[in-house]
Amino acid sequence: PAPATKHLNPSEATIAEFAKLCHHDDETACWDMVEKLVQQHHSVPEILLNLITPAARYLGELWVQDRLDFSHVTLGLLRMQNMTHHYGFLNRRPYHQAGPKFRALVVAAPGSQHLLGLAMVSEFFVNDGWDVTVEVATNEQAVLHAVEKDWFEVVGLSVGLLEQLDTLPALVAAVRAKSLNPQIAVLLGGAAFTHQGTVDRPYGADAVCLEPLAAMVMARELAGKQPRSASR
């Protein structure tokens, strides 16, 4: 295919229509809509950020407003997650960048179950040449075990619920204390930080990033300042 050059800026109606197609019984229609955008030379990152992300957020709003039941929301998000993996894999390029290859752990804060966000962030990092581990942690110990047993330059914590913010500083402090890498960088993101005032506090982390591209740039900058593991 020709290089993707077109900017994608779908209307609210288009986003709502895509979300509707994703949670309907006919799965082909939502895939066809995305494939048409690819054929029109819209880039995969633009499709992920400007169509799939707001459509997932829209499904969440419908559920909160009791306009869509949980089963339909789950079906829609699952299809979006499958698209993220599929097109993310097709979009991956061979990694030839000079310098060290970094490792990142991408994990949802215990209690969050938004796997689509984890999948999307991990695709951006993999395409930038990172080794990425995605952890679905059911409790804090699972997060700490992950950073204890493997060396990571960066851990990205995705926080979906506002009530999780109260315990977040303690979790971040525990990650730093238990990490095999004593200088590990901690980045925060997720739906909890879309609420007004939530990004103003550092919560003990290095940064709060609301977009995957911003997280990727920040992560590479922070990782580049760290000493390398003696075993790597």
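Residues numbered from 1 in each chain as written. Predicted model: local features only at pLDDT ≥ 70, side-chain atom pairs only at ≥ 80, totals over all residues. Heavy atoms only, no water.

### What about the overall build of the chain?
Thought 1: The number of helices and strands found in the chain is 8 helices and 5 strands.
Thought 2: Classification of the 232 residues of the chain by burial places 44% in the buried group.
Thought 3: In the chain, the share of contacts with a sequence separation of at least 24, taken over all contacts with a separation of at least 6, comes to 77%.
Thought 4: Here the chain has roughly 12,100 Å² of accessible surface; of this, 56% comes from carbon and sulfur atoms. (Helix = DSSP H or I, 4+ residues; strand = E, 2+ residues; numbered from the N terminus. Buried < 20%, exposed > 50% of the residue type's maximum accessible area, 1.4 Å probe, protein only. Contact = heavy atoms within 4.5 Å. Areas by Shrake-Rupley, 256 points an atom, 1.4 Å probe, with all protein chains shown as cover.)

### Concerning the environment of valine 121
Thought 1: Inspection of the secondary structure assignment puts valine 121 in helix α5 (residues 115-127).
Thought 2: Look at valine 121 and you get partly exposed, because its relative accessible area is 23%.
Thought 3: Sequence separation of valine 121 and serine 158 is 37 residues, and the distance between their C-alpha atoms is 9.6 Å.
Thought 4: Once you skip the residues sitting within four places of it in the chain, valine 121 turns out to touch Val106 and Pro212.

### Describing the packing of aromatic side chains
Thought 1: All told, the structure shown has 5 aromatic pairs when counted by the stated rule.
Thought 2: Look at phenylalanine 102 and tryptophan 130: their rings are 5.5 Å apart centre to centre, the planes differ by 50°, and that puts the pair in the tilted class. With phenylalanine 102 in the loop between α4 (70-91) and β1 (103-108) and tryptophan 130 in the loop between α5 and β2 (131-135), this pair connects stretches of sequence that are 28 residues apart. Like tryptophan 130, phenylalanine 102 is buried.
Thought 3: A ring pair is formed by phenylalanine 193 and tyrosine 203, whose centres lie 5.7 Å apart and whose planes are at 70°; its orientation type is edge-to-face. Note that phenylalanine 193 is positioned in the loop between β4 (185-189) and β5 (207-208) and tyrosine 203 in the loop between β4 and β5, a separation of 10 residues in sequence. Comparing phenylalanine 193 with tyrosine 203, the two get one shared label, buried.
Thought 4: Through a chain of ring-to-ring contacts, the aromatic side chains of Phe102, Phe125 and Trp130 assemble into a single cluster. (Phe/Tyr/Trp six-rings, centres within 6.5 Å; stacked < 30°, edge-to-face > 60°.)

### Section: the packing of helix α1 (residues 12-23) against helix α3 (residues 44-64)
Thought 1: Between α1 and α3, the shortest axis-to-axis distance is 9 Å and the interhelical angle comes to 70°. As summarised for this structure, α1 and α3 are arranged roughly perpendicular, according to the angle between their axes. Here α1 contributes Ile15, Ala16, Phe18, Ala19 and His23 to the contact with α3, which in turn contributes Asn50, Leu51, Ile52, Pro54, Ala55, Tyr58 and Leu59.
Thought 2: Considered class by class, the residues forming the contact of α1 with α3 number 10 nonpolar, 2 polar and no charged. (Axes fitted to C-alpha atoms, helices over the stretch in contact; angles between N-to-C directions. Parallel < 35°, antiparallel > 145°, perpendicular 65-115°, else oblique. Nonpolar A, V, L, I, M, F, W, Y, C, P; charged D, E, K, R; others polar.)

### Side note on the sheet that holds strand β3 (residues 154-158)
Thought 1: Spatial strand order, β2-β1-β3-β4-β5: 5 strands in an open sheet with parallel pairing. Each of the sheet's edge strands pairs with one partner strand only, and the pair in question is β2 and β5.
Thought 2: In this structure, β3 lies alongside β4, joined through 5 bridges in parallel fashion. Across the sheet, serine 158 pairs through a bridge with glycine 189, a residue of β4.
Thought 3: In the packing of helix α7 (residues 168-178) onto the sheet, the strands contacted are β3 and β4, and the crossing angle to β4 comes to about 150°. (Pairing = 2+ DSSP bridges.)

### Side note on a nonpolar patch on the surface
Thought 1: Nonpolar side chains collect at one region of the surface, where Leu115, Val134 and Val136 lie side by side and expose about 240 Å² of accessible area between them.
Thought 2: Mapped onto the elements, leucine 115 comes out in helix α5. (Patch = residues over 30% accessible without salt bridge, like charges linked within 9 Å, V, L, I, M, F, W, Y side chains within 5 Å. Salt bridge = Lys/Arg side-chain N within 4 Å of Asp/Glu carboxyl O.)

### Examining the nonpolar core
Thought 1: By size, the foremost hydrophobic cluster in this structure holds 42 residues, and its most contacted members are Phe18, Leu51, Ile52, Met80, Met83, Trp130 and Val154.
Thought 2: Among the elements of the structure, α1, α2 (27-39), α3, α4, α5, β4 and α8 (212-224) are those that each provide at least two residues to this core.
Thought 3: Once residues within four sequence positions are removed from consideration, methionine 83 is found in contact with Phe18, Cys22, Cys30, Trp31, Val34, Ile52 and Gly88.
Thought 4: Among the nonpolar cores identified, the runner-up in size contains 26 residues, and Leu105, Ala142, Val143 and Tyr203 belong to it. (Core = buried A, V, L, I, M, F, W, Y, C linked by side-chain atoms within 4.5 Å.)

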